[in-house]
Amino acid sequence: MSANDPRLAVTTSSVRGVVDMTHGAGGRAMAELIRDIFQRHLANEFLAQGNDAALLGTVCGRLVMATDAHVISPVFFPGGDIGALAIHGTINDVAMMGARPLWLSASFILEEGFPLAELERIVVSMAFAAREAGVPVVAGDTKVVEKGKGDGVFISTTGVGVLADGTDVSGSNARPGDAILVSGTMGDHGVAILSKRVHLDFETEIISDSQPLHDLVEAMLAAIPGIRVLRDPTRGGLSATLNEIAQQSKVGIVIREAAVPVKPEVAAACELLGLDPLNVANEGKLIVICAAQDAETLLTAIRAHPKGQDAAIIGEVVADQHALVRMKTRLGGMRVVDWIAGEQLPRIC
Amino acid sequence: MKYVDEYRDQELAKTIAGAIATEADSEKSYHFMEFCGGHTHAMFRYGVQDLMPQNVHFVHGPGCPVCVLPICRLDDAVELAERHGVILCTYGDMMRVPGTKHRSLMRAKADGADVRMVYSTLDALKIARENPERQVVFFAIGFETTTPPTAVAIKRAEAEGFKNFSVFCNHVLTPAAISHILESPEVRELGIVKIDGFLGPSHVSSVIGSQPFEFFAEEFQKPVVIAGFEPLDVMQSVLMLIRQVNEDRHEVENEYTRVVTEEGNLKAQALVSAVFELRKTFDWRGLGTVPYSALRIRDAYADFDAEKRFELSVKASREVTSCECPSILRGVKKPTDCKLFGTVCTPQNPIGSCMVSSEGACAAYWTYGRFREPKPLEAAK
């Protein structure tokens, strides 16, 4: 879902012009900005309280909390925008604990000169994403920085969720023999972004996979309550996330290259740019580790969900004191799957 | 993916591996230098070594454009960005290479220099077009593969009358480097580096053709097989080299016929010779001063030569003495022979250029092959 989605064709407010320092100064301009953009689109009972903090009520169960700062260039990209991403990213962080996300907060840092119409598009998209996910934005804040001290718009979101009794999901729970699954194709988001980056005129039809995963996680936990590890392979892609899990659980991981789902167009784009799809970011996919005997049942449950149709079992956890992630290549050899160093860079030769 | 997966097919790989195992004489050992970092990378990325018999060895060559650039030229680039205040456009791989006192372009950028990563020379031209008030310099590096696009940019800049675009030219030549290695004492007299044949470059050969390699086959009596960058290309080429060695032949054979012809890309060659001429000498990291091994911009295009437009003060390269990049680039040492490998020098904190570029031997060893070190045969099972 992107800001260009026809479902978002709401009547926009009369806000025109660009962000200026008065929008963060606490005066009338700021009040109007909050009223005409944030309150207008994100409206819910919590924001309607109008106080310095939202009163949320009583919750039964263990609470989890996650926070995520979002900076992305370009702010609008195929398949999403910074607003929807800020909602999805934090919901997914909460969901990767096996928790049900309840509330979100959002802070905006706006750079002087940022077009208000674009800000409104972003907020409309956020509101839609929050509503679609059933997780309201209950608190927010806005600050304005001088021109040149920001990059248009930065959004930080924080999420709170509740964990059902008996759920124990953690990156440190993987054990030798466990099965590793992914919920879908790898690398879609990163390639969608790269294709739009300034100075990279690389036209593809690839769209970001940005989506909330809490509903998929709920269906998975219903099928296999004993899920051991859940992670969303965002920055650094599958490689980085598997390495994190291996180190946290002090185990090795072996995956099969041929089993990792990658869309042909993503594979082709990576091939051209000299990138490895395993290192490219995802925003709507998860990695799950469970006991080997539960793997098929879990796979069936993931595939039965609309967000998990391309799910696959990609490898297994092994004992390894070096905590290396290795991959059986398509060719039949073996190699290490490493974290990337710095940014992925295109090849020269 | 069509036209790619075919060259990574496991069944075909098994067939070729079987033929190599059968034909490689167990009484002999075979040492083949892959000149290109692209081959080094492919071997490690796809685990080609796991499919080779024990007596087939690879000697990694200097064909990584980032790795062979001497530190002084990198320092020049940093100076262009910092002291002359230009917009310095560079291919991404150069960003993290540490120069003198660990100063990289990425570090310069963090300190406020305007360094921009581009994917092509035309991106650099676009930046020049959009910033008419700024000087824009393209940091040109690479072998014969990247030279024609630089020539195109210079030609186009001239045609469009650019006043703010120039090229800092560091293009180098493959055949000169191979000659230099074959004539080096390590190969010729001392016998430290044993080379029984070459996997010839693939992309470079698509431009220069297979013909320039005839000289090595004849003069040095070494077989050369021009090999594609896909893993099956590499395996098939190894088989062809083994056959040549077994039959005591030393010819130039072309495995990569789907791209490389004998004469190469004549149009690209004409373009390159119109814009560039040979430098008398050029310093290579690892190889030292190599005669007639690099290109400079012809006087006719002097307006687009950053070395003429800007005064550069840096003179000599100051290498980190414990870094073995120079020996690794000559095939004298393997990355794991270096004391810094995996201790102080990792891709996160590279000391030498071979650890930075994905085509560098150290980066390939570290990224894909670490698990081999304690138990070299583990993966072959």
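Every chain begins its residue count from 1, and numbering advances along the sequence as written. Note on labels: chains are lettered from A, ligands numbered from 1, in written order. It should be noted that, the model being predicted, local features are given only for residues of pLDDT at least 70 and side-chain atom pairs only at 80 or more, the latter also being counted only at that level, while totals for whole chains, interfaces and linings use all residues.

So, the UniProt feature "domain: PurM-like N-terminal" (unreviewed entry) in chain A
Turning to step 1, where the next piece is worked out: UniProt positions are given in the numbering used here, feature names are shortened, and annotations may be inferred rather than shown by experiment. In this structure's numbering, the residues bearing the UniProt feature "domain: PurM-like N-terminal" (unreviewed entry) are residues 50–162 of chain A.
Turning to step 2, where the next piece is worked out: The span residues 50–162 of chain A carries 28% helix and 39% strand; its end-to-end C-alpha distance comes to 25 Å. Elements are defined by DSSP. Helices are runs of H or I of four residues or more, strands are runs of E of two residues or more, and each kind is numbered from the N terminus.

Describing the sheet that holds strand 9 (residues 252–254) of chain B
The strands that make up a sheet pair up through hydrogen bonds in the backbone, lying either parallel or antiparallel.
All names here are of chain B.
Turning to step 1, where the next piece is worked out: Should DSSP find at least two bridges between two strands, the strands are regarded as paired. The parallel open sheet is built from five strands, whose spatial order is 2-1-7-8-9. Edge positions in the sheet fall to strand 2 (56–63) and strand 9, since each of these pairs with one other strand and no more. Direction aside, the axes of adjacent strands within the sheet are offset by 25 degrees on average.
Turning to step 2, where the next piece is worked out: Pairing between strand 8 (residues 224–226) and strand 9: three bridges, direction parallel. From the neighbouring strand, Ile226 faces strand 9, where its bridge partner is Asn254. Axis geometry follows a simple rule: fit a line to the C-alpha atoms, using only the stretch in contact for helices, then measure angles between N-to-C directions, giving values from 0 to 180 degrees.

Points about the interface of chain B and chain A
Turning to step 1, where the next piece is worked out: Contact definition: two residues whose C-beta atoms, as placed from backbone geometry, lie within 7 Å. Residue-level contacts link 41 residues of chain B with 24 residues of chain A.
Turning to step 2, where the next piece is worked out: Considering every element that reaches the side of chain B that touches chain A, the biggest residue donor is helix 2 (residues 37–46) of chain B, with five residues.
Turning to step 3, where the next piece is worked out: Amino acids are sorted into nonpolar (Ala, Val, Leu, Ile, Met, Phe, Trp, Tyr, Cys and Pro), charged (Asp, Glu, Lys and Arg) and polar (every other residue, Gly among them). Its residues assigned to classes, the side of chain B that touches chain A comprises 18 nonpolar, 13 polar and ten charged.

A few points about the pairing of strand 1 (residues 30–36) of chain B
All names here are of chain B.
Turning to step 1, where the next piece is worked out: The exposure label follows from counting other C-beta atoms within 10 Å of a residue's C-beta, where the C-beta atoms are placed from the backbone and the thresholds are 20 or more for buried and 12 or fewer for exposed, leaving partly exposed in between. Counted residue by residue, strand 1 has six buried out of seven residues, so it is predominantly covered.
Turning to step 2, where the next piece is worked out: Pairing geometry for strand 1 and strand 2, over six bridges, is parallel. Counted as the bridge partner of Phe32 is Phe58 from strand 2.
Turning to step 3, where the next piece is worked out: Where strand 1 lies against strand 7 (residues 197–200), three bridges are found, and the strand directions are parallel. The residue bridging Met33 from the neighbouring strand is Phe198, located in strand 7.

Considerations on the environment of Asp209 of chain A
Residues and elements named next belong to chain A.
Turning to step 1, where the next piece is worked out: Tracing the backbone through its elements, the reader meets Asp209 in the loop between helix 5 (188–194) and helix 6 (214–223).
Turning to step 2, where the next piece is worked out: According to the C-beta neighbour criterion, Asp209 is buried, with 24 such atoms within 10 Å.
Turning to step 3, where the next piece is worked out: With residues up to four places along the chain from it excluded, the contact list for Asp209 reads Gly79, Asp188, His189, Asn282, Glu283, Gly284 and Lys285.

Looking at the pairing of strand 11 (residues 312–318) of chain A
All names here are of chain A.
Turning to step 1, where the next piece is worked out: Most of strand 11 sits inside the fold, with five of its seven residues counted as buried.
Turning to step 2, where the next piece is worked out: Bridging between strand 7 (residues 179–182) and strand 11 involves four bridges; their strand directions are antiparallel. Each residue of the ladder has a partner; that of Leu181, found in strand 11, is Ile313.

Comments concerning the environment of Gly24 of chain A
Turning to step 1, where the next piece is worked out: Residue position: Gly24 of chain A is located in the segment before helix 1 (28–42).
Turning to step 2, where the next piece is worked out: Spatially, the C-alpha atom of Gly24 of chain A lies 37 Å from that of Ile206 of chain A, the residues being 182 residues apart in sequence.

Describing unusual backbone geometry
Turning to step 1, where the next piece is worked out: Ser73 of chain A connects to Pro74 of chain A through a cis peptide bond whose omega is 0 degrees.
Turning to step 2, where the next piece is worked out: Its place among the elements puts Pro74 of chain A in the loop between strand 1 (62–70) and strand 2 (76–77).
Turning to step 3, where the next piece is worked out: With a phi angle near 55 degrees, Lys101 of chain B is a residue other than glycine that sits in the positive phi range.
Turning to step 4, where the next piece is worked out: One can find Lys101 of chain B in the loop between strand 3 (87–91) and helix 5 (105–110).
Turning to step 5, where the next piece is worked out: With 8 C-beta atoms counted inside 10 Å, the residue Lys101 of chain B sits in the exposed group.
Turning to step 6, where the next piece is worked out: Positive phi, normally seen in glycine, also occurs at Asp248 of chain B, with a value near 55 degrees.
Turning to step 7, where the next piece is worked out: Examined against the element boundaries, Asp248 of chain B turns out to sit in the loop between helix 12 (231–246) and strand 9.
Turning to step 8, where the next piece is worked out: Judged by the 8 C-beta atoms lying within 10 Å of it, Asp248 of chain B falls in the exposed class.

Observations concerning the sheet that holds strand 6 (residues 153–163) of chain A
All names here are of chain A.
Turning to step 1, where the next piece is worked out: Pairing is mixed across the open sheet formed by four strands, whose spatial order is 1-6-4-5. Because the sheet does not close on itself, it has two edges, and the strands there are strand 1 and strand 5 (137–145). Adjacent strand axes in the sheet meet at a mean angle of 15 degrees, parallel and antiparallel pairs treated alike.
Turning to step 2, where the next piece is worked out: Sheet analysis places strand 1 next to strand 6, joined by nine bridges and oriented antiparallel. Residue pairing for strand 6: Val64 is matched across the bridge by Gly161.
Turning to step 3, where the next piece is worked out: Sitting on the sheet, helix 4 (residues 116–133) is in contact with strand 4 (100–111), strand 5 and strand 6, with an inclination near 175 degrees to strand 4.

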